[in-house]
There are 2 protein chains.
Amino acid sequence: MIESHGSEYALPVVAVVGAGTIGASLTALFVAHGIEVRLFDKRADAQVLLEQLVLEALPDLDRLGIGHGVPRGNYRLWPTLQEACHGVTLVIEATAERLDAKQCLLAEIETVVSAEAVIASTTSSFLPSQLQVRMTSPARLLVAHPFNPPHLVPLVEIVGSSRTQGWAIDRVIEFFTSVGRKPVRLNRESVGHLANRLTAALYREAVSLVADGIATVQDVDDAVRYGPGLRWAVMGPHMIYHLAAGDGGYRQYLEHLGPTQEARWKDLRTPALTRELCDQLVAGVELAAKGASVGELRLQRDSTLVSVLRAINKAE
Amino acid sequence: MIESHGSEYALPVVAVVGAGTIGASLTALFVAHGIEVRLFDKRADAQVLLEQLVLEALPDLDRLGIGHGVPRGNYRLWPTLQEACHGVTLVIEATAERLDAKQCLLAEIETVVSAEAVIASTTSSFLPSQLQVRMTSPARLLVAHPFNPPHLVPLVEIVGSSRTQGWAIDRVIEFFTSVGRKPVRLNRESVGHLANRLTAALYREAVSLVADGIATVQDVDDAVRYGPGLRWAVMGPHMIYHLAAGDGGYRQYLEHLGPTQEARWKDLRTPALTRELCDQLVAGVELAAKGASVGELRLQRDSTLVSVLRAINKAE
């Protein structure tokens, strides 16, 4: 019994299959909440990578006040899938984005977990119905898609197919809520789920503006982070427009400025990611990075994200 | 001489034409930076509205540490356009979005300001070339488009037409930089400038997801603010993907995940803002607002924005 946790409630034991960026970040988050994590990853360097990623994540969680006094070592890689899944009530599949490999793995997970365990895939690209095709009891399979870095960004998209049962969805929503996440449940499955459709829509225009020579990569990025991006950390796009047209709110906005939106939508186009355009985008980002490595930029991102999260948590 | 300002540099005197939300918010920002603002607005209730909006904005600026010790009363509505523009080097036109009215007003402003004054319109919808059609010296007209609320959100988009001269653009960029803004200059004019094209692209999908029954208004808003919106307050969309595919950076991202983006782009569609859909959107926002008025929500937004800006300023 962990004294600082102060709860009689038995914490679940979670299996994480795939100890890469997502799996390790989730592991750090779960462990900081006092949850035992059992991992499986067949890559030879899994142990080293896992330790490094968890150690990187823990100070961020400290700064957010998560897991003070909780032992940090309550996770372990197991040599077999069967051992990793032993006695768990939730399996999180966080392997690379290859459909066939995921389908095989999920069918294998089924054979080694208890009948009442829920299986959640963190896939960003595939639909739960695609993942279920080789499973004998697909009712307990769903998608729980977190955002990079998952130990910091609260959103987790919860998506079931028509074959997923409600109890499995409820259980996963309850679990992610208990570790401080913000689960958002989709009414039905959709390519890219919810947030990656929204980011794809924004990104398409971010690429178009560069392709059309209207602005540089750095200008587009600055326009987002010093402009609407600041507001999107505070309110979603619908609520933002509710406040954009005086005291008449969203109704007034849609009546007065709906046609302006429709005119802009007509002007948006789809660029082709040609080799030349990709070269231009990469050169633009490298210029903006001013010599900083990907690792250094990631630390900067996470450090500032922690500061922003602390500010928002205090303000709410 | 304002003692606390501690500079021998003569501050510009700025005219703001149109004392609505944008004009008043900019007035608060400029005054807090020790700049005299001369306003013109022919509406009968302009004085009351202006005072109210400036008084609302000043505490936010205080919390950001802007304008401590600077007198707050250095702005005034003048009875005529000519008096408001007397002796200024910069006129900011911030009236309602009506092209014909703006064209007439800008031609009139020309006749009452000094030859070397720059005229900047805050228009979100119109191109500088459209605003210049009735002007006799269009070379000094450009767009300087801020974001709501302009005393908090740093982005100001700077757009000239082919007829706008470089010195006018340079002067306005220098001015907005001096009041702590982040001017981003477009290479050429474009409907919606830069950021409103990006927001329109995101918004189109935010509407589509509701129209298609995939999620509610509240779910879409939550998916943004608890997910990618948090990251967009810290980094733009290009840099985010530079960090999304391991140490190979943006090149690796585009090679591995570029096709996924293109697949998502093909799946995005354009909804029609029908009366039924607008009713659904308005009902969704009202549910999410939980009884809070537009005014209350605006204060919440601004208060949290100030906290986020403080966090980002400290982290940078």
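Conventions and cut-offs
Residues numbered from 1 in each chain as written. Chains lettered and ligands numbered in written order. Predicted model: local features only at pLDDT ≥ 70, side-chain atom pairs only at ≥ 80, totals over all residues. Domains from an automatic or database assignment. Helix = DSSP H or I, 4+ residues; strand = E, 2+ residues; numbered from the N terminus. Nonpolar A, V, L, I, M, F, W, Y, C, P; charged D, E, K, R; others polar. Pairing = 2+ DSSP bridges. Axes fitted to C-alpha atoms, helices over the stretch in contact; angles between N-to-C directions. Contact = placed C-beta atoms within 7 Å. Expected span 1.5 Å × (residues − 1). Buried ≥ 20, exposed ≤ 12 C-beta atoms within 10 Å, placed from the backbone. Arc of directions from axis to C-beta. Right-handed = clockwise from strand over helix to strand, strands pointing away. Least-squares fit on C-alpha atoms with pLDDT ≥ 70 in both.

Novice: I'd like to hear about the domain arrangement of chain A, residue by residue, with values.
Specialist: Residues and elements named next belong to chain A. Its domain assignment divides chain A into domain 1 (3–185) and domain 2 (195–315). One C-alpha centre belongs to domain 1, the other to domain 2; they are set 29 Å apart. Among the elements of the structure, α2 (46–63) and β7 (155–159) are those that each provide at least two residues to the side of domain 1 that touches domain 2. Looking at the side of domain 1 that touches domain 2 residue by residue, the class counts come to five nonpolar, one polar and three charged.

Novice: So what's going on with unusual backbone geometry? Residues and values would help.
Specialist: Residues and elements named next belong to chain A. Of the consecutive residues Asn148 and Pro149, the connecting peptide bond is found in the cis state with omega at -15°. Unusually for a residue other than glycine, His193 sits at a positive phi of about 55°. Relative to the assigned elements, His193 resides in the loop between β8 (182–185) and α7 (195–211).

Novice: Tell me about the sheet that holds strand β3 (residues 75–77) of chain A, and name the residues and values.
Specialist: Reading across the sheet, the eight strands line up as β3-β2-β1-β4-β5-β6-β7-β8 (chain A) and stay open at both edges, with mixed pairing between neighbours. Strand pairing shows two members of the sheet lacking a second neighbour, β3 and β8 of chain A, which therefore form its edges. Across the sheet, the axes of successive neighbouring strands diverge by a mean angle of 25°, strand direction being ignored. When strand β2 (residues 36–40) of chain A meets β3 of chain A, the two strands line up parallel, connected through three bridges. Along β3 of chain A, the bridge assignment pairs Arg38 of chain A with Arg76 of chain A. The strands that helix α4 (residues 99–112) of chain A touches are β1 (13–17), β4 (90–93), β5 (118–121) and β6 (141–146) of chain A; relative to β4 of chain A, the one it contacts most, it runs at about 165°. The strands touched by helix α8 (residues 217–225) of chain B are β7 and β8 of chain A; relative to β8 of chain A, the strand with the most contacts, the crossing angle is about 140°.

Novice: Explain helix α4 (residues 99–112) of chain B to me, and be specific about the residues and the numbers.
Specialist: Think of an α-helix as 3.6 residues a turn; residues three or four steps apart then line up on the same face. Residue and element names in this part refer to chain B. Helix length check: α4, at 14 residues, gives a terminal C-alpha distance of 20 Å against a target of 20 Å (1.5 Å per residue), a fit within 8%. Those residues of α4 that fall on the buried side of the exposure criterion are Lys102, Leu105, Leu106, Ile109 and Glu110. Down the axis of α4, the buried side of the element spans an arc of 145°, and every buried residue falls inside it. Exposed side of α4, more than 90 degrees from the buried face: Asp100, Ala101, Cys104 and Thr111 are the residues found there.

Novice: With reference to specific residues and values, describe the environment of Ala200 of chain B.
Specialist: Inspection of the secondary structure puts Ala200 of chain B in helix α7 (residues 195–211). Note on Ala200 of chain B: 23 C-beta atoms within 10 Å, which makes it buried. Note: C-alpha distance between Ala200 of chain B and Phe30 of chain B (170 residues apart in sequence) is 29 Å. Ignoring anything within four residues of it in the chain, the contact list for Ala200 of chain B reads Gln261, Arg264, Trp265 and Leu268 of chain A together with Gly192 of chain B.

Novice: Summarise the pairing of β5 of chain A; cite the residues concerned and give the values.
Specialist: Residues and elements named next belong to chain A. The alternating pattern of β5 places Val118 and Ala120 and Ile119 and Ser121 on opposite faces, both of which are buried. Note: β4 against β5, four bridges, orientation parallel. From the neighbouring strand, Val91 faces β5, where its bridge partner is Ile119. Taken together, β4, α4 and β5 form a β-α-β motif whose crossover is right-handed. The sheet contact formed by β5 and β6 spans three bridges and is parallel.

Novice: Summarise the relation of the copies chain A and chain B; cite the residues concerned and give the values.
Specialist: Overlaying chain A on chain B yields an RMSD of 0.0 Å, the required transformation being a rotation through 180° with an accompanying axial translation of 0.0 Å. The two molecules are tied by a two-fold rotation axis, judged by turn and shift.

Novice: Got a sec to walk through helix α1 (residues 21–32) of chain B? Specific residues and values, please.
Specialist: Between the first and last C-alpha of α1 of chain B there are 17 Å, a value that for 12 residues agrees with the 16 Å anticipated at 1.5 Å per step. The buried count for α1 of chain B comes to 11 of 12 residues, which makes it a mostly enclosed element.

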